[in-house]
Amino acid sequence: MDLKDILAPLDVELKKVSMLGGSLAVVVVPASHAELAMKAKRETDTALKCGDYLVVGLFGMGADEASTRFLSIPKGIAVYPADAGDIQTLFFEAAKRLNMNTLSAPWVKDVWESIKQTNVQDADREDRFLKGSFYQFDAFVADHPQDMGRMLSFMAPADRRWVEDVLPIGVVSFMEAQSESEDTGQEGGPAGASLIEQWDFKSRFETKVEQARATLRKFRSIEHLFTLPSISHEVIEAASDPMTAAPRMARIIEKDPVLTSRVLKVVNSAFYGFRRQIVSVEHAVVILGNDEVVNLAFSIAVHQIMDRVSPSHGAELWEHSLMVAHLSQWFGGVLGSKASRELYTIGLLHDFGKIVFLQKGYRVPGFAEMSTVHRLAAEEMSMGISHAEMGAYVAERWNLPEEIVDTLLTHHQPGRAKDMMLSASVHLADAVAHRGAIPRDEVNSAVARLLEGADGSRIGDEVVSKRYDYTLKRVKTLLDIDG
Ligand SMILES: [Fe+2]
Ligand SMILES: [Fe+2]
């Protein structure tokens, strides 16, 4: 029996219910208890047997009432309209509450399994770096757009989002075209399901998590190589107090001769383009403002670490990081984010995980290239996590604010970010830093949706390309004086 055969009659009920402003409970019961359930069912209710379970649609029932009637039966209940707006979501919700493992439809089980496994944002502190993403699976889905496209047509919009949010828009559009153009009949779901089963999602995921755990353990033994100098903590802390005046900030910076000379060099560089020579740190702070000084102090500290770990790769990554920091601030402003300083920090650190991997002797494939879902999968196959998780983990060890940690974690999957605006800004900045323009087919589909809704004239190709040239020029002048 196809899922559609269960959902269609329930859908009729749902429409009736919504017209009358009532409620609908969907109850999923194991087939072994079908007899008991049928006794509890009223004449007006819909009941359908499907493999190992029975699905009952209870018209005009609230959850409590439904629960009482089915009290002695193991069941999962979802109630409209409190729980969800469409019948498929209701059905999945009820099935999930029952515990999907008792259900037989393999593709339903597998899909839910993967959604559950890869959505652990609020899990314990370390779990989010271990289990929050599974790029190997994303790459697998991207490699089978036809089968997965057909599978998508069986999913509720909320579930489709799960797939869409992790893939480039080019792949998602192709999948959608597949699911619309082909007969999405009975083979559609199970075909994708058997593929997933053959691929062995569960054991691969377990292996990945174990590997990731080992990587984080190894990192903790070399963590001292990546600690931020205490001066940058002091600067950041002082700047977080809006009452901190320029003289106090200057005193903090002057404690560190390297930071002092860098600040003066940078302020007097063509990057800022002041006509008069600025000789005191205090003057520099007055002119630049606290935010800019924090950016500087922080970027100098990060650069020192990159340089120490790998001078050749460090320089390359440094230039890219500066580009992304500046472009992130710009995109953030265009998209309406107020978190300009955070965006700079995130841009600087977004690929920091790659430097950590280098330290362990691991050669990141295509180090300086744009991270496609396949490259992320390759990193993950080698380390159990990608540079995104690694960088976020370091940021958390540095006690950076949660929005920074979360954005680093999701900069290749903005659809999963707590603050999508931040993550989307960095994602776009990263893409533009690599391509000189927004690669419309390659950006993550969640970001593509956001762009669609945004004012096109402000982020049109010409505007973006001008911004890219301008930023590149500024970053180059900054790099000239650096060293
Ligand atoms: Fe990245
Ligand atoms: Fe990047």
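Residues numbered from 1 in each chain as written. Chains lettered and ligands numbered in written order. Predicted model: local features only at pLDDT ≥ 70, side-chain atom pairs only at ≥ 80, totals over all residues. Heavy atoms only, no water.

In terms of helices and strands, the chain carries 26 helices and four strands. Taken over 483 residues, the chain has a buried fraction of 55%. A fraction of 70% describes how many contacts in the chain between residues 6 or more apart in sequence connect residues 24 or more apart. (Helix = DSSP H or I, 4+ residues; strand = E, 2+ residues; numbered from the N terminus. Buried < 20%, exposed > 50% of the residue type's maximum accessible area, 1.4 Å probe, protein only. Contact = heavy atoms within 4.5 Å.)

Here we take up the pairing of strand S3 (residues 53-59). Most of S3 is tucked away, with six of its seven residues classed as buried. The pairing of strand S1 (residues 24-30) with S3 spans seven bridges and is classified as antiparallel. The residue bridging Pro30 from the neighbouring strand is Tyr53, located in S3. As judged from the five bridges shared by strand S2 (residues 46-50) and S3, these two strands associate in the antiparallel manner. Residue pairing for S3: Thr46 is matched across the bridge by Gly57. From the end of S2 to the start of S3, which pair antiparallel, there are two residues, and Gly51 there has a positive phi angle of about 55 degrees. (Pairing = 2+ DSSP bridges.)

Positioned with a positive phi, Asp200 is a non-glycine residue whose angle comes to about 70 degrees. Relative to the assigned elements, Asp200 resides in the loop between helix H11 (188-199) and helix H12 (201-222). According to the relative accessible area criterion, Asp200 is partly exposed, its value standing at 37%.

This part covers the environment of Ala238. By secondary structure assignment, the location of Ala238 is in helix H13 (residues 230-240). Leave out the neighbours within four places in its chain, and Ala238 touches Thr244, Arg248, Met249 and Ile252.

Next up on the list: helix H25 (residues 445-453). Where H25 is concerned, the buried positions are Ser445, Ala446, Val447, Ala448 and Leu451. The residue sitting at the N-terminus of H25 and contributing the capping side-chain oxygen is Asn444; that oxygen lies 2.9 Å from the backbone nitrogen of Ala446. (Polar contact = N/O pair within 3.5 Å; in protein donor to acceptor, adjacent residues only side chain to side chain.)

Surrounding the iron ion (ligand 2) are the protein donor atoms His320 (NE2), His350 (NE2), Asp351 (OD) and Asp430 (OD), at 2.1 to 2.3 Å. For the iron ion (ligand 2), the four donor atoms in the first shell make angles of 81 to 179 degrees at the metal, a pattern classed as irregular. If you look at the iron ion (ligand 2) and the iron ion (ligand 1), they sit 4.0 Å from each other and are both ligated by Asp351. (Donors = N, O, S within 2.8 Å, 3.2 Å for Na, K, Ca; no water. Tetrahedral: all angles 85-135°; square planar, octahedral: opposite > 155°, others 65-115°.)

When the charged atoms of two side chains with opposite charge come close together, those side chains can pair. The final tally for this structure, using the stated rule, is 18 salt bridges. Arg220 is the salt-bridge partner of Glu126, the closest N and O atoms lying 3.2 Å from each other. In this pair, Glu126 sits in the loop between helix H5 (106-118) and helix H6 (127-131) while Arg220 sits in helix H12, placing the two residues 94 residues apart along the sequence. For Glu126, a relative accessible area of 23% corresponds to the partly exposed category. Using a relative accessible area of 31% as the deciding quantity, one classes Arg220 as partly exposed. Of the charged contacts, one joins Lys418 and Glu402 as a salt bridge, the two residues approaching to 3.1 Å between their closest N and O atoms. With Lys418 in the loop between helix H23 (402-409) and helix H24 (420-435) and Glu402 in helix H23, this pair connects stretches of sequence that are 16 residues apart. (Salt bridge = Lys/Arg side-chain N within 4 Å of Asp/Glu carboxyl O.)

In this section: the coordination of the iron ion (ligand 1). Taken together, Asp351 (OD), His387 (NE2), His411 (NE2) and His412 (NE2) make up the protein donors of the iron ion (ligand 1), found 2.1 to 2.2 Å from the metal. Each of the four donor atoms around the iron ion (ligand 1) contributes to a set of angles spanning 83 to 174 degrees, which defines the coordination as irregular. Taking the relative accessible area as the measure of exposure, His411 reaches 0% and is therefore buried.

Mapped onto the fold, Ser328 is located in helix H18 (residues 311-335). On the accessibility criterion, Ser328 (0% relative accessible area) is buried. Setting aside residues no more than four positions away along its own chain, Ser328 makes contact with Leu343, Gly347, Ser425, Val426 and Ala429.

Assignment of secondary structure puts Val293 in helix H17 (residues 290-309). Classification of Val293 as buried rests on a relative accessible area of 1%. C-alpha of Val293 to C-alpha of Val281: the two residues are 12 residues apart in sequence and 9.9 Å apart in space. Look past the residues within four positions of Val293 in its chain and what remains in contact with it is Met249, Ile253, Val285 and Leu288.

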